[in-house]
Number of protein chains: 2
Amino acid sequence: MLNRVRSAVAHLVSSGGAPPPRPKSPDLPNSTSAPPAAPPQAPRSPPARAGSGSAAPARTVEARASFCRPTFLQLSPGGLRRADDHAGRAVQSPPDTGRRLPWSTGYAEVINSGKSRHNEDQACCEVVYVEGRRSVSGAPREPSRGQGLCFYYWGLFDGHAGGRAAEMASRLLHRHIREQLKDLVEILQDPSPPPLCLPSTPGAPGSSDSSHLVGPQSCWSSQKEVTHESLVVGAIENAFQFMDEQMARERRGHQVEGGCCALVVVYLLGKVAIIVRNGEIIPMSREFTPETERQRLQMLGFLKPELLGGEFTHLEFPRRVQPKELGQRMLYRDQNMTGWAYKKIELEDLRFPLVCGEGKKARMMATIGVTRGLGDHNLRVCSSTLPIKPFLSSFPEVRVYDLTQYEHCPDDVLVLGTDGLWDVTSDCEVAATVDRVLSACEPNDPSRYTALAQALVLGARGTPRDRGWRLPNNKLGSGDDISVFVIPLGGPGSYS
Amino acid sequence: MLNRVRSAVAHLVSSGGAPPPRPKSPDLPNSTSAPPAAPPQAPRSPPARAGSGSAAPARTVEARASFCRPTFLQLSPGGLRRADDHAGRAVQSPPDTGRRLPWSTGYAEVINSGKSRHNEDQACCEVVYVEGRRSVSGAPREPSRGQGLCFYYWGLFDGHAGGRAAEMASRLLHRHIREQLKDLVEILQDPSPPPLCLPSTPGAPGSSDSSHLVGPQSCWSSQKEVTHESLVVGAIENAFQFMDEQMARERRGHQVEGGCCALVVVYLLGKVAIIVRNGEIIPMSREFTPETERQRLQMLGFLKPELLGGEFTHLEFPRRVQPKELGQRMLYRDQNMTGWAYKKIELEDLRFPLVCGEGKKARMMATIGVTRGLGDHNLRVCSSTLPIKPFLSSFPEVRVYDLTQYEHCPDDVLVLGTDGLWDVTSDCEVAATVDRVLSACEPNDPSRYTALAQALVLGARGTPRDRGWRLPNNKLGSGDDISVFVIPLGGPGSYS
């Protein structure tokens, strides 16, 4: 009856430099034609977004364009208004009466206390079917469902500077993953090692004739073994890049001004690419901030000084350098150092530091506190034309957890939460809530995970008291949007 | 009676890109005027190197220039010949009769079985006194010994393509560290936090007036706390850079053609910057190879494609791409990916891969198997003019171990070894030898650490049998140079 807690998954991660050249995806999901996927038979509410092919009247489309919540919440217009109420901050969960989320996943959310007009978090939970694009031999595949793959998908998206990037990512990121997996359908179902090379055209020879390779150096004559797992990791990594590139292309039409952080779980063939763990609290994600990514940012600024536009220095100083200190010696760190040393202050050291501040106040280019995310293609340094990308990278960090390697009990869960949860709740507090709520419910009650998600959201929000939302210890609760998924690790079918 | 084993210290680490601009060191140690420091009163043999100011006759200088061993071995000309004998491979240790190494450190070495003319490993063990350059207030310091600092220093240097870089580093790296510490003598002895800013000229005001700083952003108004420890780390980091820059400047005069890896331990004020650990086997270093540093190398090639000279691609493929495969799709990884994906092969993918091969055969630019080291300033890609630097970086990785936080018994040791040891000996085997040898000696016998170093070297070398040096399990022993320090963690004075 031990509880396993907290987690994250494909936390957004680093590219560095201009976006790398990347093979074209032949069939990118189109945000203007792809309606958001919904659980089978669940009513879609609010109606699909402008241009998504729904027949909703223009007025509804208008309203929705400025505020939408996950379709699986099945919110009525009245429910949508309540979910948008900063004063009441009512916790929202999928209705008991509708079809449950896959795996009996629990979900709860609450809007912020006023920091932004609408809830800028978004969520997605889907079962996604992947049809193979063609067979390894190059012959076009029969469109027979039996030969495809299914994956389970959960995503949380924490938007900033508007909710559009989070909304777009919640509707499309899993489709990009599906797109990347299409080439792999047959390969992943074949127990033999993946082919290193595929023919370009149907019927062309594959890579099986690679064994005659003899290079002039011994290091060239070898060939690496590539695992199936690493192909899925590569597919997820590339899907994030394609998602970000699509946002860049379509940002004008969709008014995507801001960006979002993403936390995604993919369950495929017994493995969850990125997840929780066993026994005790096992964090599965880490934060990407100007502090944790200092050396990546500094290295990029050092190797590509033109990205700093003469406005910033890639060196770090423990505080802002003053003009009157020219010629004195101040502590600094460059892109390689973990320690500090003194250097004589020169004119260029008076520039703004690329990375400054500590903790919640840490900023990159004096502008933004996160260093990985989707979107933000229009983001510029305050009162400047200098772009924040590519310092802000769309590359995810992917971790793999093999669900089949552990026996999971009904109380083993993966908790995904946005900043609203983690800013005010420690891992240990989450673990205690998991224990308290789940032990009070029957193990076979599928609504227990929703009850747990609600308890976690309520615990982070607090109650209105003394002119604020306060926790039982009288500290302030989170004023941010709070969204939580609780995924039981028992696996598909076990509890649903 | 638990044994603590294995370690490393300032393993050589990464710079990336052209060497960063670095504050000038006002008083760089000069390799042409600084004779190698020797334990007090120990006879210096072989005599000091050419140009080092010794009055040795030219003939001796000649001989020594092509072959020298650590001065603390106190080798006679006959001993030097025996140490240079590839057939006998006699194990060398400091004589029992002379002054012991600091901390009763044990040392043993053996030459290779023929892979190079001379032993390309070098070692240094010193107590180094650091005199402060001036006081924090800017007033020139009285040259009174009592106000300086001492540090203990152990270094192993594993040369390649000749022994000159290793020899130069063994004679000078600790002097560079001393140079970097000179500014910190007073600061490190003052329990208050280090000043963030120092005056440029004696008597000028310090940084105590920094509190009025108010930036336009909250992130700028803060100032970081910098620890004493991080100043020492920064000093060591910069010392490696200065050492490498000195090699670049003086390589012609000293015929420094090759390079070396370095493993260094510094003990200062109760802390050992970079060390071993407690209870069981705690590795304190890691290897820097084209495999472990793949993403750093790829990122550098991606951001600075001119460094690849049109000859290499920064992408990794699981094997060499063949011209006939143009247009097919092959697995690849870029600088951001940990997984693999397929891409269509284009003309530029036919270039040599920046990183190729696996394990011991992994190579960077088809040339070298290590990615951090001192020297190698003349190293070019085979049959090309393309330099291997800055892919080969001189930046160290520094780890700190606080000796004062643990109670150490006489069997707690830090084992430093060159590749010759670790290539054929696992951490567990080293731990077993530590236990076997030390438990057979009296705890207060100071020669037990030398006995242990000898046992480790012998265990890695093996005995001549079946036309080779073989281990008891009949596998081949190491044919490389093997050098081992055994440092008792009991601290200075406890066992010496």
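Residues numbered from 1 in each chain as written. Chains lettered and ligands numbered in written order. Predicted model: local features only at pLDDT ≥ 70, side-chain atom pairs only at ≥ 80, totals over all residues. Heavy atoms only, no water.

S.K.: Would you take a moment to explain the pairing of strand β8 (residues 329-332) of chain B for this structure?
M.R.: Strand residues, when the strand is regular, have side chains that alternate between the two faces of the sheet. Burial along β8(B) is two-sided: the face carrying B:R329 and B:L331 and the face carrying B:M330 and B:Y332 are both buried. Bridge count between strand β4 (residues 197-198) of chain A and β8(B): 2 bridges; the pairing is antiparallel. Along β8(B), the bridge assignment pairs A:C197 with B:M330. Here β8(B) runs beside strand β9 (residues 341-344) of chain B; their pairing, made up of 4 bridges, is antiparallel. Paired with B:Y332 across the bridge in β9(B) is B:A341. (Buried < 20%, exposed > 50% of the residue type's maximum accessible area, 1.4 Å probe, protein only. Helix = DSSP H or I, 4+ residues; strand = E, 2+ residues; numbered from the N terminus. Pairing = 2+ DSSP bridges.)

S.K.: So what exactly am I meant to see when it comes to the side chain of A:D480 here?
M.R.: One can find A:D480 in the loop between β17 (469-470) and β18 (482-488). A relative accessible area of 10% means that A:D480 is categorised as buried.

S.K.: Help me understand the pattern of salt bridges in this model?
M.R.: Two side chains that carry opposite charge are able to pair once their charged atoms sit near each other. Inspection of every chain in the model, using the stated rule, returns 30 salt bridges over all chains. In this structure, B:D411 engages B:R448 in a salt bridge whose closest nitrogen and oxygen atoms are separated by 2.7 Å. Within this pair, whereas B:D411 is found in the loop between β14 (400-402) and β15 (413-417), its partner B:R448 is found in helix α10 (residues 448-461), the two being separated by 37 residues in sequence. For B:R448, a relative accessible area of 1% gives the class buried. The network of salt bridges with common partners includes A:E293, A:R296 and A:R372. (Salt bridge = Lys/Arg side-chain N within 4 Å of Asp/Glu carboxyl O.)

S.K.: Hey, could you run me through the sheet that holds β8(B) in this one?
M.R.: The strands that make up a sheet are held in pairs by hydrogen bonds between backbone atoms, and each pair lies either parallel or antiparallel. Pairing in this open sheet of 3 strands is antiparallel, and the strands run β4(A)-β8(B)-β9(B) from one edge to the other. Taken across any chain shown, the strands that pair with only one partner, and hence form the sheet edges, are β4 of chain A together with β9 of chain B.

S.K.: Just to check I follow, could you spell out helix α3 (residues 164-181) of chain B for this structure?
M.R.: Residues spaced three or four apart along an α-helix point in a common direction, a consequence of the helix completing one turn every 3.6 residues. Residue and element names in this part refer to chain B. Between its terminal C-alpha atoms α3 stretches 26 Å, which fits the 26 Å expected from 18 residues at 1.5 Å a residue. Within α3, the axis deviates most sharply at L172, by approximately 40°. Of all the 18 residues making up α3, 17 are buried; the element is thus mostly covered by neighbouring parts of the structure. (Expected span 1.5 Å × (residues − 1). Bend = angle between axes of the 7 residues up to and from the residue.)

S.K.: Looking at this structure, I do not really get the environment of B:E429. What am I missing?
M.R.: Residues and elements named next belong to chain B. Secondary-structure assignment places E429 in helix α9 (residues 427-439). Accessibility expressed as a relative area gives 42% for E429, which makes it partly exposed. The spatial distance from the C-alpha of E429 to the C-alpha of G459 is 9.5 Å, given a sequence separation of 30 residues.

S.K.: Mind showing me how you'd approach the packing of α3(B) against helix α6 (residues 228-250) of chain B here?
M.R.: When two helices pack together, you describe them by how their axes are tilted relative to each other and by the distance separating the axes. Residues and elements named next belong to chain B. Interhelical geometry of α3 versus α6 gives an angle of 135° and a closest axis separation of 8 Å. In terms of orientation, α3 lies oblique with respect to α6. The way α3 lies across α6 gives a crossing that is right-handed. Mapping the contact onto sequence places A165, M168, A169, L172, L173, H176, I177, Q180 and L181 in α3 and A235, I236, N238, A239, F240, F242, M243, Q246, M247 and E250 in α6. For the contact of α3 with α6, the residue count by class is 14 nonpolar, 4 polar and 1 charged. (Axes fitted to C-alpha atoms, helices over the stretch in contact; angles between N-to-C directions. Parallel < 35°, antiparallel > 145°, perpendicular 65-115°, else oblique. Left-handed = near helix turned anticlockwise from the far one by under 90°. Contact = heavy atoms within 4.5 Å. Nonpolar A, V, L, I, M, F, W, Y, C, P; charged D, E, K, R; others polar.)

S.K.: Got a minute to help me understand the sheet that holds β18(A) in this structure?
M.R.: Residues and elements named next belong to chain A. Pairing is antiparallel across the open sheet formed by 3 strands, whose spatial order is β1-β18-β15. Bordering the open sheet on either side are β1 (106-110) and β15 (413-417), each of which pairs with just one other strand. In this sheet, neighbouring strand axes are inclined to one another by 10° on average, regardless of whether the strands run parallel or antiparallel. Bridging between β15 and β18 involves 5 bridges; their strand directions are antiparallel. Pairing of V415 across the sheet is with V486, part of β18.

S.K.: Would you mind going over the pairing of strand β2 (residues 121-130) of chain A with me for this structure?
M.R.: Residues and elements named next belong to chain A. Summarising burial for β2: 9 of the 10 residues are buried, a large majority. Both β2 and strand β3 (residues 149-160) contribute to a ladder of 10 bridges, which runs antiparallel. The partner of Q122 across the bridge, within β3, is F157.

S.K.: I'm lost on unusual backbone geometry in this one. Help?
M.R.: Most peptide bonds take the trans configuration, and most residues that are not glycine carry a negative phi. Residue and element names in this part refer to chain A. Of note, the amide linkage connecting K389 to P390 takes the cis form, showing an omega dihedral of 5°. One can find P390 in the loop between β13 (374-375) and β14 (400-402). One non-glycine residue, D466, lies in the positive phi region at around 50°. With respect to the helices and strands, the residue D466 is situated in the loop between β16 (463-464) and β17.

S.K.: Sorry, what's going on with the packing of aromatic side chains here?
M.R.: How two aromatic rings sit relative to each other is given by the distance of their centres and the angle of their planes. Under the defined criterion, the tally for this structure stands at 20 aromatic pairs over all chains. Summarising the aromatic geometry, the rings of A:Y152 and A:W154 are spaced 6.4 Å apart at their centres and angled 20° between planes, so their arrangement reads as stacked. When the centroid spacing of 5.5 Å and the interplanar angle of 50° are considered together, the rings of B:W103 and B:Y152 count as tilted. One end of the pair, B:W103, is in the loop between α2 (77-83) and β1 (106-110); the other, B:Y152, is in strand β3 (residues 149-160), with 49 residues separating them in the sequence. When its relative accessible area of 2% is taken as the criterion, B:W103 is described as buried. Joined through ring pairs, the aromatic side chains of A:W103, A:Y152, A:W154 and A:Y267 make up one cluster. (Phe/Tyr/Trp six-rings, centres within 6.5 Å; stacked < 30°, edge-to-face > 60°.)

S.K.: What exactly am I supposed to notice about the environment of A:V233 here?
M.R.: By the secondary structure assignment, A:V233 is in helix α6 (residues 228-254). Overall, A:V233 belongs to the buried group, its relative accessible area being 8%. Setting aside anything within four residues of it in sequence, one finds A:V233 in contact with A:V398, A:V400, B:T338 and B:G339.

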